[in-house]
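Structural overview for review
One-letter residues, chain by chain:
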Amino acid sequence: MNSLPEFFAMDGHGVYVWSAYAITFAVLALNVVQPWLARQRLVSLHARRRRREEA
Amino acid sequence: MNWTFFHKLGSPKSFYDISGRWLPWIAVASFILLTVGTVWGLVFAPQDYQQGNSFRIIYIHVPAAFVAQSCYMMLAVAGIVTLVWRMKLADVALRCAAPIGAWMTFIALVTGAIWGKPTWGTYWVWDARLTSMLILLFLYFGIIALSQAISNRDTSAKATAVLAIVGLVNIPIIKYSVDWWNTLHQPATFKLTEKPAMPVEMWFPLLLMVLGFYALFTVSLLMRMRLEVLRREHKTRWVRDALEKVR
């Protein structure tokens, strides 16, 4: 590996390697972000319910 | 043997407390393993003498395929525990793991297709390994659909458990597909009984990635299970207290 553009090109295999990695990490991130967002929703729903009960 | 830990884990509250303590550490381990493994695999691992740089897809393809199959075996075990011991947490685990397993199978199939283009000249062939992995994806879809289709929780848990156990026959078919049939897919990269056929600077990052994928699977599974436990137990005192503490 001599230069950055050469590294990204990967001797013509760049398209394949980078698209595979991009899809993989997008899916992995989704699997952590989705339950995290759902938890935030549950917490705020609970807080709203609490406030209604107290009012 | 002392089984108290088993019963303790079966109680939603202890599960929630214990998993909450472990979760951050597993998340950190997963992040470090995946970062180091990816950089190592993409930048420092040497090229393959036949496949050139396209072989670097192995560092995500093989771990995803490993986790996809292990996850299915876990579903079957959870199914057995659900049927035999009526442990509710096993049903929670089964439901929460299925979508992650489906996503892992999706990653294995897509990265395999992308890898196939420069290596075999085609994205897809109806070959034994590829077809049995596609069947695994459909099994996951079936389990997800079934677990949501029945509104009675006990009936739903039983039906889903049975489907998970029956689908287990596909796992040895995937594993031995490359030996039983003529296939384009290369045989197993790793065997437990033999030394790897690759040099260490090629397989070590793969080992890191496999561990990283398992850790990430655990993180996602625990997050989903904790959420499901909170939902199911939302009327209890301890859930109210737990949700108060978040604020």
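How each quantity is defined
- Residues numbered from 1 in each chain as written.
- Chains lettered and ligands numbered in written order.
- Predicted model: local features only at pLDDT ≥ 70, side-chain atom pairs only at ≥ 80, totals over all residues.
- pLDDT = per-residue confidence, 0-100.
- Helix = DSSP H or I, 4+ residues; strand = E, 2+ residues; numbered from the N terminus.
- Contact = placed C-beta atoms within 7 Å.
- Nonpolar A, V, L, I, M, F, W, Y, C, P; charged D, E, K, R; others polar.
- Axes fitted to C-alpha atoms, helices over the stretch in contact; angles between N-to-C directions.
- Parallel < 35°, antiparallel > 145°, perpendicular 65-115°, else oblique.
- Left-handed = near helix turned anticlockwise from the far one by under 90°.

Attention now moves to the confidence of the model for chain B. Detailed reading of predicted coordinates is not advised where the pLDDT is low. With 94% of its residues at a pLDDT of 70 or more, chain B shows a mean pLDDT of 90. Model confidence for the complex is summarised by a pTM of 0.92, with the ipTM given as 0.90.

All names here are of chain B. By secondary structure assignment, the location of Tyr-140 is in helix 5 (residues 128-149). Sequence separation between Tyr-140 and Leu-75 is 65 residues, and the spatial gap between their C-alpha atoms is 9.8 Å. Non-local contacts of Tyr-140, meaning those with residues more than four positions away in its chain, are made with Ala-98, Gly-101, Ala-102 and Thr-105.

As a further point, take the interface of chain A and chain B. Between chain A and chain B, the residue contacts involve 22 residues of the former and 27 residues of the latter. Here the side of chain A that touches chain B is built from residues that sort into 15 nonpolar, five polar and two charged.

Further remarks concern the packing of helix 3 (residues 58-85) of chain B against helix 6 (residues 153-166) of chain B. Residue and element names in this part refer to chain B. Their axes nearest at 8 Å, the elements helix 3 and helix 6 cross at an angle of 135°. The angle between helix 3 and helix 6 falls in the class oblique. You can see that helix 3 and helix 6 cross each other, and the crossing is left-handed. Seen from helix 3, the contacting residues are Leu-75, Ala-76, Gly-79, Ile-80, Thr-82 and Leu-83; seen from helix 6, they are Ala-157, Lys-158, Ala-161, Ala-164 and Ile-165.

Residues and elements named next belong to chain B. Checked against the element boundaries, Cys-71 lands in helix 3. For the pair Cys-71 and Gly-101, spaced 30 residues apart in sequence, the C-alpha separation works out to 5.6 Å. Sequence-distant contacts of Cys-71, defined by excluding residues within four places in its chain, comprise Ala-97, Ile-100, Gly-101, Met-104 and Phe-217.

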